[in-house]
Every structure is written in C-alpha cells, then in structure tokens.
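One-letter residues, chain by chain:
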Amino acid sequence: MTKNKRYSPVDLNVNFVELEKKLLDQWYNDGIVDKYLAKNSASPKTFSFQDGPITANNPMGVHHAWGRTYKDLWQRYKNMQGFKQRFQNGFDSQGLWVEVEVEKELGFTTKKDIEKYGIDKFVQKCKERVMKYSKIQTDQSKRLGYFMDWENSYYTMSDENNYMIWHFLKVCNDNGWLYKGNDSVPWCPRCETAISQHEMLTEDYKEVVHDSIYFELPLVGENREFFLVWTTTPWTIPANIALAVDAKLDYSLVEGKTKDKFWLASEAVERVFLDNYKILTTVKGKFLVGKKYRAPFDTLPAVTKVMTENGDKFHIVVATDSRIMPISQLEGTGIVHTAVSAGTEDFKLGKQLGLPMIPVIKDDASYLDGFGFLSGKNAKKHPEIILDYLTSEDKKEGVDWVFKIEKIKHRYPGCWRCKTELVWKVTDEWYIAMDKPSSIEGGKTLRERMIDVTKLITWIPDFGLKRELDWLTNMHDWLISKKNRYWGLSLPIWECKSCKHFEVIGGKDELEKKACKGWDKFTGKSPHKPQIDEIKIICSKCGEVMSRIEPVGNPWLDAGIVMYSTIAQDNKEKPLYHHDKKMWRKWFPVDFITESFPGQFKNWFYSMIAMSTVLENERPFKSVLGFATLLDESGRAMHKSWGNSIEFEEGADKMGADVIRWIYARQNPMENLLFGYKYADEVRRQFILKIWNVYNYFVTYANKENWSPATTSTESTNVLDVWITARLNKVIEEVTNQLDAYDAFHATSVIEKFVDDLSNWYVRRSRDRIWADDSDSDKTAFFQTLYDTLIHICLLMAPFTPFLTDSMYKNLTGNESVHLADWPKSNKLAENDKDLILHMDIIRSVVEAAHSSRKENDLPVRRPLIKLEVFSPALKPDEQLLTLAKDELNVKNIVWSKSEKLEIQLDTTLTQDLENEMKARELLRNIQNERKKLGIGLEQLVRVTSPWIPEDEKAILQLKNKALVASLSHGEFRVRLES
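First things first, this report covers the structure right here in the doc. From a predicted model like this one, the values you see are computed outputs, not experimental measurements.

1. Considerations on the overall build of the chain
Move 1: Summing up its helical and strand segments, the chain has 31 helices and 34 strands in all.
Move 2: Projected onto its principal axes, the C-alpha positions of the chain cover 120 × 80 × 50 Å.
Move 3: A total of 979 residues make up the chain; the buried ones form 56% of that total.
Move 4: Summarising the internal contacts of the chain: among those between residues at least 6 apart in sequence, 77% fall at separations of at least 24.
Move 5: When the accessible surface of the chain is split by element, carbon and sulfur atoms take 49% of a total near 42500 Å².
Move 6: Separation of charge centres in the chain, based on 136 positive and 141 negative side chains, amounts to 1 Å.

2. Observations concerning the packing of aromatic side chains
Move 1: Enumeration according to the criterion identifies 64 aromatic pairs in this entry.
Move 2: A ring pair is formed by tryptophan 66 and tyrosine 664, whose centres lie 5.7 Å apart and whose planes are at 10°; its orientation type is stacked. Here tyrosine 664 lies in helix H22 (residues 657-665) and tryptophan 66 lies in helix H3 (residues 64-80), a separation of 598 residues in the sequence.
Move 3: By relative accessible area, which is 1% here, tryptophan 66 ends up buried.
Move 4: A network of ring pairs unites the aromatic residues Phe49, Trp66, Tyr70, Trp74, Phe592, Phe627, Tyr664, Phe675 and Tyr742 as a single cluster.

3. Observations regarding the sheet that holds strand S5 (residues 193-194)
Move 1: The strand order across the open sheet formed by four strands is S5-S4-S15-S17, and the pairing between neighbours is antiparallel. What marks the edges here is a single partner per strand, and that holds for S5 and strand S17 (478-479).
Move 2: Bridge analysis of strand S15 (residues 423-432) against S17 gives two bridges, and the strand direction is antiparallel. The partner of tyrosine 431 across the bridge, within S17, is leucine 479.
Move 3: Helix-sheet contacts for helix H10 (residues 344-353) involve strand S4 (178-188) and S15, and the interaxial angle to S4 is about 140°.

4. A closer look at the packing of H22 against helix H23 (residues 677-704)
Move 1: Between H22 and H23, whose axes approach to 10 Å, the crossing angle comes to 95°. By the criterion of interaxial angle, the relationship of H22 to H23 is roughly perpendicular. From H22, Val659, Trp662 and Ile663 reach across to H23, where they touch Tyr679, Ala680, Val683, Arg684, Phe687 and Ile688.
Move 2: Among the residues forming the contact of H22 with H23, the class breakdown is eight nonpolar, no polar and one charged.

5. Regarding the nonpolar core
Soluble globular proteins: nonpolar side chains tend toward being buried together.
Move 1: Membership of the largest hydrophobic core comes to 228 residues, with the highest contact counts inside it found for Trp74, Phe168, Ile432, Phe675, Phe698 and Leu786.
Move 2: Here phenylalanine 675 is in contact with Val62, Leu630, Leu631, Asp632, Glu633, Met638, Ile646, Met655, Ile660, Ile663 and Tyr664, once residues within four sequence places are set aside.
Move 3: Ranked by size, the runner-up nonpolar core spans 76 residues in total, among them Ile324, Ile335, Val360 and Leu390.

6. Observations concerning the pattern of salt bridges
Move 1: Taken as a whole and assessed by the stated rule, the structure comprises 65 salt bridges.
Move 2: Linking glutamate 616 and lysine 581 is a salt bridge whose minimum nitrogen-to-oxygen distance equals 3.1 Å. Within this pair, whereas glutamate 616 is found in helix H20 (residues 604-616), its partner lysine 581 is found in helix H19 (residues 581-585), the two being separated by 35 residues in sequence.
Move 3: One continuous salt-bridge network, built from bridges that share partners, spans Glu99, Glu103, Arg190 and Arg485.

7. So, unusual backbone geometry
Glycine aside, residues mostly have negative phi angles, and peptide bonds mostly take the trans form.
Move 1: The step from isoleucine 460 to proline 461 runs through a cis peptide bond, and the omega angle for that step is -5°.
Move 2: The omega angle of the peptide bond from phenylalanine 588 to proline 589 is -5°, so this bond is cis rather than trans.
Move 3: Within the secondary structure layout, proline 589 lies in the loop between H19 and strand S25 (590-596).
Move 4: Here asparagine 276, not a glycine, exhibits a phi torsion of approximately 55°, which is positive.
Move 5: Along the chain, asparagine 276 falls in the loop between helix H8 (269-273) and strand S11 (278-284).
Move 6: For asparagine 276, a relative accessible area of 51% puts it in the exposed group.
Move 7: Here the phi dihedral of asparagine 706 falls at roughly 55°; this positive angle occurs in a residue that is not glycine.
Move 8: By the element assignment, asparagine 706 lies in the loop between H23 and helix H24 (719-740).

8. With respect to helix H21 (residues 648-655)
Move 1: The set of residues buried in H21 consists of Phe648, Gly651, Ala652 and Met655. Relative to the axis of H21, the buried residues are bounded by an arc of 95° and lie together on one face.
Move 2: In this structure, the buried residues of H21 make contact with helix H1 (16-29), H3, helix H6 (119-143), H22, strand S28 (673-675) and H23.

9. Concerning the sheet that holds S25
Move 1: On the basis of which strands lie adjacent, the open sheet formed by three strands has the order S16-S26-S25 and parallel pairing. With partners counted over all chains shown, the strands left at the sheet margins are strand S16 (458-460) and S25, one partner each. Averaged over all pairs of adjacent strands, the angle between strand axes in this sheet comes to 15°, irrespective of strand direction.
Move 2: Where S16 lies against strand S26 (residues 621-627), three bridges are found, and the strand directions are parallel. Looking at S26, one finds that tryptophan 459 is bridged to valine 624.
Move 3: Lying on the sheet, H20 is in contact with S16, S25 and S26; it crosses S25 at an angle near 150°.

10. Observations regarding the pairing of S4
Move 1: By the criterion of burial, S4 is predominantly enclosed, with eight of the eleven residues buried.
Move 2: Two strands pair when backbone bridges link them, and S4 and S15 are joined in this way by ten bridges, in the antiparallel orientation. Pairing of tryptophan 187 across the sheet is with valine 423, part of S15.
Move 3: Here S4 runs beside S5; their pairing, made up of two bridges, is antiparallel.

Thresholds, definitions, all that
- Residues numbered from 1 in each chain as written.
- Predicted model: local features only at pLDDT ≥ 70, side-chain atom pairs only at ≥ 80, totals over all residues.
- Heavy atoms only, no water.
- Helix = DSSP H or I, 4+ residues; strand = E, 2+ residues; numbered from the N terminus.
- Buried < 20%, exposed > 50% of the residue type's maximum accessible area, 1.4 Å probe, protein only.
- Contact = heavy atoms within 4.5 Å.
- Areas by Shrake-Rupley, 256 points an atom, 1.4 Å probe, with all protein chains shown as cover.
- Lys, Arg positive; Asp, Glu negative; His and termini not counted.
- Charge placed at Lys NZ, Arg CZ, Asp CG, Glu CD.
- Phe/Tyr/Trp six-rings, centres within 6.5 Å; stacked < 30°, edge-to-face > 60°.
- Pairing = 2+ DSSP bridges.
- Axes fitted to C-alpha atoms, helices over the stretch in contact; angles between N-to-C directions.
- Parallel < 35°, antiparallel > 145°, perpendicular 65-115°, else oblique.
- Nonpolar A, V, L, I, M, F, W, Y, C, P; charged D, E, K, R; others polar.
- Core = buried A, V, L, I, M, F, W, Y, C linked by side-chain atoms within 4.5 Å.
- Salt bridge = Lys/Arg side-chain N within 4 Å of Asp/Glu carboxyl O.
- Arc of directions from axis to C-beta.

See the structure below:
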C-alpha cells in the first residue's frame, strides 16, 4: 500500500545555486520580504543599525559581501528577537571615484575636457552612473539573501544629506574651527586635486623603483668643499630652499679619491664611500647651521627672484625639528634637501623657521613659468629631465653636481582612486582645525573632544580603540576641500574677493534668505555644480557681492553625516534631526555599525566621530565591528589585472550565497581571509552537506515510517535524546550570548561543533532505533527529537544561511518562512544535564582513541572485538554511555581503569561467533552498496542471494529488517527488486 508522505523528498544531489534562485523569487513574489520588514513594526523595543554606504560606482566584488553578510546577519537576528528596526541601505554617490569612471567612459584625460564638454552634462552623467550601479548592487545584494527596504535606500547625493553637511560646517565655523589654509599637500596630477591625509591609505602605497640621486652642493667661500645631499624626488631640486641637519648629530668632512671634500653624517660615510676615503674632521651638526651653498638651478628666473628677495634665508643650512622632520642615518647622507613648496614636512619646517618657498608645479605637475627650459614639462612623467640636466651640467663652473645616481625600490603613495603617483604642491585649501579651542564654548579642542567620545564606543576587536586613538592623536587638521573637481558636495562657503571675508551657509532656507542673485535659476534643483554657483550673496563686512568657493567637499563628509541625515520616520520623511529631535533620539546613537577596518579608522569611523562630536558631543554609534582584508587563496590581494579577483555574480553562481555567507561569518575578523573556490568547496562538503544529509536522513525515514510530529510534547528517556536536547539548549544559550556580543566567529564554531555532534554521534548512534517495531516509543522519540533539533538548527542558522534554512524549515514545518519566525529560547540546564554532556564528551574521546587504535592495527570496525580496556583519569561513565561506545566500536565488553592519562588496549581474539557477526556486517554493507548502485529506494523490498548467510534466525531477521530484504537465499551474490 502506498503511504502518504508529509515531507517533500530531499535531493541529495541538490544544486544549491538553483535552489537559492528559486527561493529568492518566492521571497519577493510571495511578499515574504515585506512581511519580514514589517514583522516588528509595533514593537516597543528598537535596534538601531546604520548602514555604511557602499560606493555605487561599479558592480560588487566578493569582498563587498563580507560586510554585507555581517549587516544582514545582525538585523535578521534582532528581527527574530522582536526588535523594530530601520532597514535602510545606503549608497555613497558623490566624489572622485565616480568622476574618474565617468571620465574614462567619456575618454577624458584632463579637467579641461570636462569643462569643454559642459559641467552640467558631466554632473548629470555622474548621477546617471550612480543610479545605474545602485540598481545593479541592489540586485546583487538581494542575491546574497540580504533583506532591506530597498525602495527607500538613501543616497549621499540627496538634498537632505548635502544640506545636513552644510549645517555641520556652519557649526564648525561658529566654533571658529573652519579656516582657509596654505600648505604643501599630497596632490594627484591626473585628478588635479588634493589628497587629504585621511585618504592616503596604507594599501595605496606601492613598491616602486625610482632614480635617486646623491648630488653635490658647493659651500660658499670654500674651495672644493661640498655638502653631499640625497633625494628620491629629483623633480623637487629646482625648488630647493635649504639643507636640514640634526644639530646633535656628528657630521664629518671626508676627502674622496678626487680630492674633493664632502660634508655628510659620520654614520653614513662608510655606507656612501665604501672605501678610499679620509675623514678630515668631525663636528656636531650645529656647527654647520648657517653656512651657505650654491645650487644647480640658481640661474632660473623663478629661483633668482626668491633668492634676491630672501638672500639671508636662501640656500642656507638649518637645524631640523625632529618632531617635524626626523633625520635618519640608515639611508641618505644625513643632510636633507628641503624644498618648502614640495613636501609636507618641508613646508612645516619652513613655516617654523620663516623660510621662503619657490612654487614649482602646476595642477598637472608640469613646471610653472619662470623655470626656463623646464617650464611646461611634466615633472612626474619625465623625471629624467632633471637628471639629464645635472649630468650634462657636470664640470660647469668647476662643479660636479652629480655624485652618483642609483635605482631605489621604496614604498610610494598613489591616488586612492586612479592610482597615479602623487606629488606635493602648495595650494590654498579649506580645513577644520583640530587643536583650536571653541570660540563659543571654550575649553577642550575638537581633537580632545573626539578622543573623549571615541572612548565611549565599544570597539570589536578591542584593538580598534587604540588604533583610532593613535590616529586621532597624530592626525593633521582635516582637509575638507577638493579643487578642480565637479561632482560632489558643494561647500557652503561664500568668499568675498574684496575683503577676504567668508560666510558659511547652514541650509537651504538660510541660502534663500541671503541670496541676492541667482535663486530663480537654482530653485527646484539639487545643491550641486553648476547651478548652485548661480547664487550670490552680499558680504556682511564690505557689502560687495560674494560667490561660492570653487572646490567641492571631501567625500567622507558625505558618509560621516548619515546618522543625522538619514534617520527619518519610516525612512520616508525628511530627517528627524531638525524637526523631531525626541523621535530622532529613539534611534541615536545607533546601536551597531560594521565595516572593514583598514582605512576606515581614518575615513568613515573618523568622519562620523568628528561630525557627531561637533553637532552633539556624543558618540555616533555604541558598538563597531571591524574586520580585516579579503585576499585570494595564495594570500595575494585581488586585482582584475592579476586575474585573481572574483566578481560577486561569479562567486554566487559557483559557490552559492549561503556558502559565501558562512565563510564570512566563521572567519576571525581580526585576521585576513584567504578566499577562493577550494575553500568554498571545503565548507560546502564539510558543513553545508553535513546538515543537508542529516535533513535528508530524517525526511527519508520519516516518510518511510509515515511519521508526523506530536501535537503534545513528551520527554524521552533515551540517553541520546536527553543528551542532544541538553546540547541544543547549551548551544542556543551560547549562540545568543555571542551574537549579542557581535561575535559571529565563535557563534559559528559552536554551531559547527553541534552539527558534527548531531551527525557523527546522535544520528550515527540512533540508526538502529528506526528499525524498531512501529509501536516502539523509542523510535517515535528519536523522530521527534531529531525533528525538534532540525527546526532549532534552522532557527539558529537563519541569520547566517537564509536560503538553506528556509528550504529546510518550510518543508519540515509547513510554515511560510523561517524568516518570519522568532529566535529560540534556551531552557536552563539541570546539573544532571551538565554531567551528561561532560560524560558524553569523555565517552567520545575514548571512542576517538579506540578508532585510532583500530586504524593503526588495521582492524576495520566491521570486525567485532571481544574486549576494550580503557585507562582514563575520568570516572567510569554509567552503563548507558558505555553501551553507546560498545555499539560504535563493535566491541563486546569495556573494562575501565583509573589512570593519569587516557590509554587504550584492544583484545583482538577472534572467536567463531565474532567471525560470523563480522560476515553478517559485511553482507549488510554489500547489500546497501548494491541497492545504491541499482537506485532502489528505501521503500522497496529486495530479494538477495548470497554465498553466505547467517545460521541464526535472529541474525537473519535483523539483517532483513535493516536492509529491507524480502527473501535471503544461498547462491551467487545478487540483489533484485521484489516484484
């Protein structure tokens, strides 16, 4: 008779990728996501998560899925716990990253190409790119199983976000922290804009080979006496102003083989000259301070002009300040070429000492007018022009300018977006001061206040606090402007050309009130270039008409303000911060954020802390989970050009989203992750398939037995059921505690260990129970316990692997989705349950040791053993547990003795009864293997012929039951389906 099956059969050869895609369609078509988002809309308790906006500029790579897995994981977990949330994704949409890609699309190479094309059309292209890739990234995130309110994602290019930054900058100005400063800053000659200290990430420093030069500068008034100087940036030599020495360091005058005499640090003499030199005298560096010298470019008009105007401070030896420019004795000569206009340290030292400077390059790194044959030539693209000139000028005026030129491999910074090598350039930029006391509150500086706020945050891992504090302690003033760029925050600063007064506008309403011209052209448009620049206001100091400054804002202003600009009622209205502060306070500070640590200490984390400190003097988030870097399986960074990067769709379609998510969740966030297909296959085989096989085992035999879960719960007395239930309760407690602490790494470890216990011990040792008589309560208890356990595994794993768990849960329960279910609660473990867990661990350690001993002695488990002697420091477990060990090890008796360490001894005596039992096991194994080959299901009876069958009727009956054998007879081995 055909039996009714309650559960859909499980495909052991399931294609998980196709299963995921099918579920994805169901979630959105059947409204599961909408129900999930609204699940706790009436809940009085809230969990506030802030999404760090992903840059909507290109499709996602697999590395993006690490952070997005964490984000979805904790929002799912808190949703199951009944917390109301804001499921708001964010897109970072302004800045250089978008501009660079649009320039590539249009084939542009300079900013002049943009201006010729039209700034308004270029800005529109940037907006269109953002919308294109935000749609792609939304679809990719959905494919990851990420549930968010996608229709209400925020964009940093929005009016709300931009105007909130205006408010922040006005408050900065009210405190006296906003200023226009002149400095030598890192500069990208391709993007033609400044690169702030915050944007100079470690990963943007590359190992490169450059020509370095040791060059000779003759002392004024001395015969054949030179300063020996070394630099790795020869292009800066025309801008030389001074030479810096350490006043406390020893310097020697050395006679070389040419009889010329050279000053350099004493420690550098042997390294530079190797041999054939003579030290004439040694003095402290302070005795060299004030000496004058000549340089190779003194005849160029730009140099001559500065030399004429600043003779007493030009080409002079100065004492360095080690806090600004420490002098190393490990490289170079100990005498530092100082070009005030072409280096951050050079500029600071020059400012401290009142040195003049020679501006040397334009925005594209070509030499300025006034540099003779160099003018118009690009200093960075053609560094050889300096070396060639110095080489050709040797012997002129009796000077050998070049001592030696050699290749040097060193770390050099590149533009974080276009990767072009940076230069240093003097420019006017806008800054937020870190060390100036507030003009309206007095007391602490912004730096001091930010440090106080940072200490209130929980940093995970905890080294994050030290790293952030290190950055805050040593960082410069915050450079917030970017010249020569077009798509970004329009800084709300209007500057008067007549009197140099500037005003900061705090919002749209204020701008409308103060606008004296251009509002009609601006109204109805977003606050971006070029339309915002139509607006003029009247200078409050001199009455002249003021225009907005040219630079756009640093993009980290865009992302740093989002906790103020995006928290809105139901994610749809205007920001609550200005019109309902009380409601805003229900969500602020946010409970949790998570992003990759590298770089974010200087960028997103910093900008949020800075902006929240200015506006509220409060931490913007309570806890932050940081994580390391994704590398390929060999430990290399992933790059398209290297052929080792993995696009998200490629990874999801080959690995499956659940596998990707589990890989990220189980990773120690403190360590870099070596990611790839081999690792994914390993995780799939060793964990995902292990769960799936247990699930298949249950469904297969539950269908065979026509079993359904009980409507009323009854407690099993079987030691295996009691143990796995106790283990489950402990796992629920541990996973809950770990997720509350934002620790997926240890939570996944607990789950993996439990699944291994379930598969390799509970199910393994319970297999014989399913062959019991239909009326046997122990069989019913096994099915009920395994069913309950699988349901709880689905609930525990739902935040980690949403596809796998939903497929299992719906089939097991008939419910709509695991993602609409509640988080399980654990029962307090009784002392006897704790003891049982401990003693079961002892038994399993004995079993593991015995299996190892069997393997060493070439004794397969199918061969019964008459006795096992156990020497153990643990007390002898009770008989139920010993019986489990006997059955697992196929041993008739276990003798337990007390000992200091665990040792195992096997009795290998083989009796006739044991040999018959071994043959019966072998026959059972052969029958099962043959059934698999023939594709015969568990519901179908078979007829078996075999050259050996047991003589004992009880053994024959047991064999028939386990293998579903209808008849067993002598003959050549064969398995046939019973007709």
